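Residue-level listing of the chains:
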Amino acid sequence: MGRLAARRLVFAAPVLLVVTFGVFAVAAASPFDPVKAYAGTAALGADAETLARLRENLGVDQPFTARWWNWLTSALGGDLGYSSVLRQPVTEVVGERLVWSALLCALAFALAVLTGTVLGVLAARRPGSWLDRAVSSLAYTLEAAPVFWVALLAVWLFALQLDVLPAGGLTDTASERVTAGQVARHVLLPAGVLAVSQLPWFTLYVRQGVADALAEDPVRGARARGLSERTVLLGHALRSGLLPVLTLIGSRVPELITGALLVETVFSWPGIAAATVEAATAVDFPLLAALTTLATAAVLLGNLLADLLYGLFDPRVRFRDM
């Protein structure tokens, strides 16, 4: 296990290097002007000399290769630069927002896995039944639904029509303090929407995996020995059927990050994804590079976690062969 983790970490270094270089290259080719985004309406009446000085102060007058190298060498020393759009150091931006994005994604992922497992097992018990058809139809429908559409529908239903949950933000509008109760109420709707965007994949994978396991000889042998249906389902079929889901965990991390980007924007959730949108539209090189590197690292760690879980729970897989 240790060797596998070490190999993946060594492999991650050049990947992150290429990703950061690509971020600076794409941002440099962007039609957006970081100077005008920084100055706002004041740039409309500014002369060319003032804009040139501002461009020099922001460091965007250099070639993107020089900006990338300066940022990289500073980042290796712990300095991620200064965000021109948020007017604060990048490390502070990440530190303030990372905890809220982690909370949102963790709740959504846990809810999607638990709900998807329950629905998948219920559907796999009797393939072809009305429950199986209903669960499968619901999963395919949600799979095709854009996450921003689901988010807007949830706001309309739960916030505007039923008025049972807040429409967005981290706390109530008139509140001056961040309390656990308010955060719990405000996170329910975005976490639920993000979970719904991931739910179809886990439901369909569990359904197929458990259905295949129920048709295998070891499960048939357990039934022939007189074991109860609950023991056969939970003790044998479910354990075997969940193995494919472990590989799904790593592959769903990029989709989870993309979904969080849209969900945080719709619900005004103060997370990393919302800062990514601001950094991209303002061509904020240091912030954009840091957030993209963080997202890439999350994807790599998700893939590593999936492989480690698969190696731990599947006796047929050996770590030295991975």
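From a predicted model like this one, the values you see are computed outputs, not experimental measurements.

1. Observations concerning the overall build of the protein chain
Move 1: Secondary structure assignment for the protein chain yields 13 helices and 2 strands.
Move 2: Put simply, of all contacts in the protein chain between residues at least 6 apart along the chain, 71% involve residues at least 24 apart.
Move 3: Summed over all atoms, the accessible surface of the protein chain reaches about 17400 Å², with 65% contributed by carbon and sulfur.

2. Thoughts on the packing of helix α5 (residues 90-125) against helix α8 (residues 180-214)
Move 1: Running from amino to carboxyl end, α5 crosses α8 at an angle of 35°, the nearest separation of the two axes being 4 Å. For α5 against α8, the interelement crossing comes out right-handed.
Move 2: Here the residues of the contact of α5 with α8 sort into 26 nonpolar, 7 polar and 2 charged.

3. As for α5
Move 1: With 36 residues, α5 extends 51 Å from end C-alpha to end C-alpha; this agrees with the ideal 52 Å at 1.5 Å per step.
Move 2: A bend of about 35° at arginine 97 is the largest found in α5.

4. Things to note about the packing of aromatic side chains
Move 1: Inspection of the entire model under this criterion finds 4 aromatic pairs.
Move 2: Ring geometry for tryptophan 68 versus tryptophan 69: centroids 6.1 Å apart, planes at 55°, classification tilted.
Move 3: Ring centres 5.6 Å apart and planes at 85° place the aromatic pair phenylalanine 109 and phenylalanine 202 in the edge-to-face group. Of this pair, phenylalanine 109 sits in helix α5 while phenylalanine 202 sits in helix α8, placing them 93 residues apart in sequence.
Move 4: On the basis of relative accessible area, phenylalanine 109 is assigned to the buried category, the value being 16%.
Move 5: The class of phenylalanine 202 is buried, set by a relative accessible area of 0%.
Move 6: Site record: aromatic cluster; members linked through ring pairs are Phe21, Trp68 and Trp69.

5. Some thoughts on the environment of glutamate 216
Move 1: Residue placement: glutamate 216 occurs in the loop between α8 and α9 (217-224).
Move 2: On the accessibility criterion, glutamate 216 (36% relative accessible area) is partly exposed.
Move 3: For the pair glutamate 216 and alanine 237, spaced 21 residues apart in sequence, the C-alpha to C-alpha distance is 8.7 Å.

6. Examining unusual backbone geometry
Move 1: A positive phi is found at arginine 87, a non-glycine position, where the angle reads about 60°.
Move 2: Along the chain, the position of arginine 87 falls in the loop between β1 (82-83) and β2 (88-89).
Move 3: Residue arginine 87 is classed as partly exposed on the basis of its relative accessible area of 41%.
Move 4: For serine 268, which is not a glycine, the phi torsion comes out positive at approximately 50°.
Move 5: Looking at where serine 268 falls in the secondary structure, it is placed in the loop between α11 (243-266) and α12 (272-281).
Move 6: Assessed through its relative accessible area of 51%, serine 268 is described here as exposed.

7. Quick word on the pattern of salt bridges
Where charged atoms from two side chains of opposite charge come close, those side chains can pair.
Move 1: Going through the model one piece at a time under the given rule, you end up with 1 salt bridge.
Move 2: When the shortest N-O distance is used, the salt bridge between arginine 207 and aspartate 132 registers 2.8 Å. With arginine 207 in helix α8 and aspartate 132 in helix α6 (residues 130-144), the pair connects residues that are 75 residues apart, well separated along the chain. Aspartate 132 carries the same exposure label as arginine 207, and that label is buried.

8. So, the environment of valine 277
Move 1: Positionally, valine 277 belongs in helix α12.
Move 2: Dropping the residues within four chain positions of it, valine 277 is found in contact with Leu261 and Thr265.

9. Observations regarding the nonpolar core
Move 1: The biggest cluster of nonpolar side chains holds 41 residues, and the ones touching the most others in it are Leu104, Val193, Leu194, Val210, Val263 and Phe267.
Move 2: Among the elements that make up this core, the one with the highest residue count is α8 (13 residues).
Move 3: If we skip the residues at most four places from it in the chain, phenylalanine 267 touches Ala151, Val155, Ala167, Gly168, Gly169, Leu189, Pro190 and Val193.
Move 4: One finds Val23, Ala27, Trp68 and Val90 within the second-largest nonpolar core, a separate group that totals 20 residues.

Each value, and the rule that gives it
- Residues numbered from 1 in each chain as written.
- Predicted model: local features only at pLDDT ≥ 70, side-chain atom pairs only at ≥ 80, totals over all residues.
- Heavy atoms only, no water.
- Helix = DSSP H or I, 4+ residues; strand = E, 2+ residues; numbered from the N terminus.
- Contact = heavy atoms within 4.5 Å.
- Areas by Shrake-Rupley, 256 points an atom, 1.4 Å probe, with all protein chains shown as cover.
- Axes fitted to C-alpha atoms, helices over the stretch in contact; angles between N-to-C directions.
- Left-handed = near helix turned anticlockwise from the far one by under 90°.
- Nonpolar A, V, L, I, M, F, W, Y, C, P; charged D, E, K, R; others polar.
- Expected span 1.5 Å × (residues − 1).
- Bend = angle between axes of the 7 residues up to and from the residue.
- Phe/Tyr/Trp six-rings, centres within 6.5 Å; stacked < 30°, edge-to-face > 60°.
- Buried < 20%, exposed > 50% of the residue type's maximum accessible area, 1.4 Å probe, protein only.
- Salt bridge = Lys/Arg side-chain N within 4 Å of Asp/Glu carboxyl O.
- Core = buried A, V, L, I, M, F, W, Y, C linked by side-chain atoms within 4.5 Å.

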